[in-house]
Amino acid sequence: MRRPLARTVTALTAAALLLPALAACSSEPAGLVIYSGRNENLVGPLIEKMEKSVGTTIEVRYGDSAELSAQLLEEGDKTEAGLFLSQDAGALGALSNEGRLTPLPQATLDKVDPAYRSAADDWAGVSGRARVLAYNPKKVATPPDSVHDLVKPEWKGKIAYAPTNASFQAFVTGMRVLEGDDTTRTWLKGLKANAEPYEKNNEVLEAVDSGKASLGLLNHYYWYEKVAEEGKDKVKARIHFLPGGDPGALVNVAGVGIVKSSEQNKYARKAVDFLLSEEAQHYFADETKEYPLASGVKSKTEDLPPLESLQAPRIDLGKLDSLKDTLAMLQDVGMV
């Protein structure tokens, strides 16, 4: 089942946001407490296996990644969390910038390409997702190679996008990092003039598939999940991986970091290694159609281009932490 991605980060009153889900039924305190920005439907089935691998009981508290990150900053050394599993790199970057994560062992870091882990060596990506253009071949013979083309007059009224979706907002943050605020604000105004907003990415894909829209901005896995459910011959939409390091080709990650000052580091390190194990990597790839990030583990998803073949922009993913500024810009141009 698709995990919910359409979340607009609002207030950071995080104390009331955590939803405890005890993996351990014992009255004894859990050996490891995980704050998870990935939802229970996805992570839950892995916890029992993780407990066996780690050798202790585990308690998981679920919530929004940005809100959990803020919670950890607020709790500081008093936090009960030993591990943070984030839906995106920006929330991990925010903790890293404030010195709230413990450096990972080099052997663990070596499992993940430097492009998909912290420049400060204190978090690592677990799975990756690429931004793509969905297009309807009956409407578009050759899709554009850059998101900058989408603001041209010929695309007016032909584009679908989901401005309140977290993945779109992370992409906009990436554009701000790569090309600056002025360029990004101008592009957003042009996109707003040309595009039709939708609430969710699967609605964007449906609009393209039905021909209501010619192009759509979304993450790659929505298309692969639709193809897996319906069959490629039933899906009219196709997707285009943008070349040349275009900001629209951003590869963001779900990742994990060990919380600093925790007495749970021994178990937390084992949990990180479990998440990067072949078993867990294939689980994420099979369940989400995302890219496995541990070295040597390949996705079995049919027709998914190798991660190494993608021409994503070179960016420090930890710098995707300025979501608050992105939301202010989106509000300023009237998108949210």
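Refer to the structure printed above.
Because the structure is predicted, anything quoted here is derived from the model rather than measured.

(A) Structural detail: the packing of helix 7 (residues 201–210) against helix 8 (residues 220–230). Interhelical geometry of helix 7 versus helix 8 gives an angle of 65° and a closest axis separation of 10 Å. Of the possible angle classes, the one that applies to helix 7 and helix 8 is roughly perpendicular. Remark: the crossing between helix 7 and helix 8 carries right-handed chirality. Across from N201, N202, L205, E206 and D209 in helix 7, the residues of helix 8 making contact are Y222, W223 and K226. Its residues assigned to classes, the contact of helix 7 with helix 8 comprises three nonpolar, two polar and three charged.

(B) Spatial organisation of the pattern of salt bridges. Following the criterion strictly, the structure yields 17 salt bridges and no others. Where R185 meets D182, a salt bridge forms, and the shortest distance between an N and an O atom there is 3.8 Å. Here the residue R185 and the residue D182 both occupy positions in helix 6 (residues 181–194), the gap between them amounting to three residues, near one helical turn. Its relative accessible area of 26% is what places R185 among the partly exposed residues. Looking at D182, the relative accessible area reads 58%, which means it is exposed. In this structure, D332 and R185 form a salt bridge, with 3.4 Å as the shortest nitrogen-oxygen distance. On the criterion of sequence distance, the pair formed by D332 in helix 11 (residues 323–332) and R185 in helix 6 is long-range, its members being 147 residues apart.

(C) Just the packing of aromatic side chains, in detail. Within this structure, the stated rule accounts for six aromatic pairs. Arranged with centres 5.6 Å apart and planes meeting at 90°, the rings of F171 and W187 form a pair that is edge-to-face. With F171 in helix 5 (residues 166–179) and W187 in helix 6, this pair connects stretches of sequence that are 16 residues apart. Both residues of the pair, F171 and W187, count as buried. Between W223 and Y224 the ring centres are 4.9 Å apart and the planes differ by 90°, which places this aromatic pair in the edge-to-face class. Judged by relative accessible area, which is 4%, W223 ranks as buried. Taking relative accessible area as the criterion, Y224 reaches 5% and is therefore assigned buried.

(D) The pairing of strand 2 (residues 32–36), seen in detail. Here strand 2 lies mainly inside the structure; five of its five residues are buried. Burial along strand 2 is two-sided: L32, I34 and S36 facing one way and V33 and Y35 facing the other are all buried. Judged from the five bridges that link them, strand 2 and strand 3 (residues 58–62) form a sheet pairing that is parallel. When the sheet's bridge partners are listed, Y35 is paired in strand 3 with R61.

(E) Highlighting the packing of helix 5 against helix 11. At a minimum axis separation of 9 Å, helix 5 and helix 11 run at an interaxial angle of 100°. When the axis of helix 5 is compared with that of helix 11, the two are roughly perpendicular. Here helix 5 contributes F168, Q169, V172, T173 and R176 to the contact with helix 11, which in turn contributes L323, D325, T326, L327, M329 and L330. Residue classes in the contact of helix 5 with helix 11 are distributed as six nonpolar, three polar and two charged.

(F) Structural context of the nonpolar core. Counting residues in each nonpolar core, the largest one holds 76 residues, and the members touching the most others are I34, M50, L83, F84, Y116 and L317. With residues near it in sequence (within four places) discarded, L317 still touches A89, G90, A115, Y116, W123, L250, V251, N252 and V253. In terms of nonpolar packing, the next biggest core, distinct from the first, is built from 24 residues, Y161, F171, L242 and M329 among them.

(G) Quick look at helix 3 (residues 89–97). Of all nine residues in helix 3, eight are buried, a share of seventy percent or more. Those residues of helix 3 lying buried are A89, G90, A91, L92, G93, A94, L95 and S96. On its buried face, helix 3 sits against helix 2 (65–75), strand 4 (83–86), strand 5 (101–102) and strand 11 (251–259). Of the residues trailing helix 3, G99 is marked for its positive phi of about 70°.

(H) Quick peek at the side chain of S69. Along the chain, S69 turns up in helix 2. Residue classification places S69 among the buried positions, given a relative accessible area of 3%. If we skip the residues at most four places from it in the chain, S69 touches F84, A91, A94 and L95.

(I) Quick peek at helix 10 (residues 278–288). Those residues of helix 10 not exposed but buried are A280, Q281, H282, Y283, F284, A285 and T288. Where the residues of helix 10 are buried, they touch helix 1 (40–54), strand 6 (124–135), helix 8, helix 9 (265–275) and strand 12 (291–292).

(J) Geometry of the environment of N136. Relative to the helices and strands, N136 is located in the loop between strand 6 and strand 7 (159–161). Separated by 77 residues in sequence, N136 and A213 place their C-alpha atoms 7.7 Å apart. Look past the residues within four positions of N136 in its chain and what remains in contact with it is V208, D209, S210, G211, A213 and S214.

Quick notes on the rules
- Residues numbered from 1 in each chain as written.
- Predicted model: local features only at pLDDT ≥ 70, side-chain atom pairs only at ≥ 80, totals over all residues.
- Heavy atoms only, no water.
- Axes fitted to C-alpha atoms, helices over the stretch in contact; angles between N-to-C directions.
- Helix = DSSP H or I, 4+ residues; strand = E, 2+ residues; numbered from the N terminus.
- Parallel < 35°, antiparallel > 145°, perpendicular 65-115°, else oblique.
- Left-handed = near helix turned anticlockwise from the far one by under 90°.
- Contact = heavy atoms within 4.5 Å.
- Nonpolar A, V, L, I, M, F, W, Y, C, P; charged D, E, K, R; others polar.
- Salt bridge = Lys/Arg side-chain N within 4 Å of Asp/Glu carboxyl O.
- Buried < 20%, exposed > 50% of the residue type's maximum accessible area, 1.4 Å probe, protein only.
- Phe/Tyr/Trp six-rings, centres within 6.5 Å; stacked < 30°, edge-to-face > 60°.
- Pairing = 2+ DSSP bridges.
- Core = buried A, V, L, I, M, F, W, Y, C linked by side-chain atoms within 4.5 Å.

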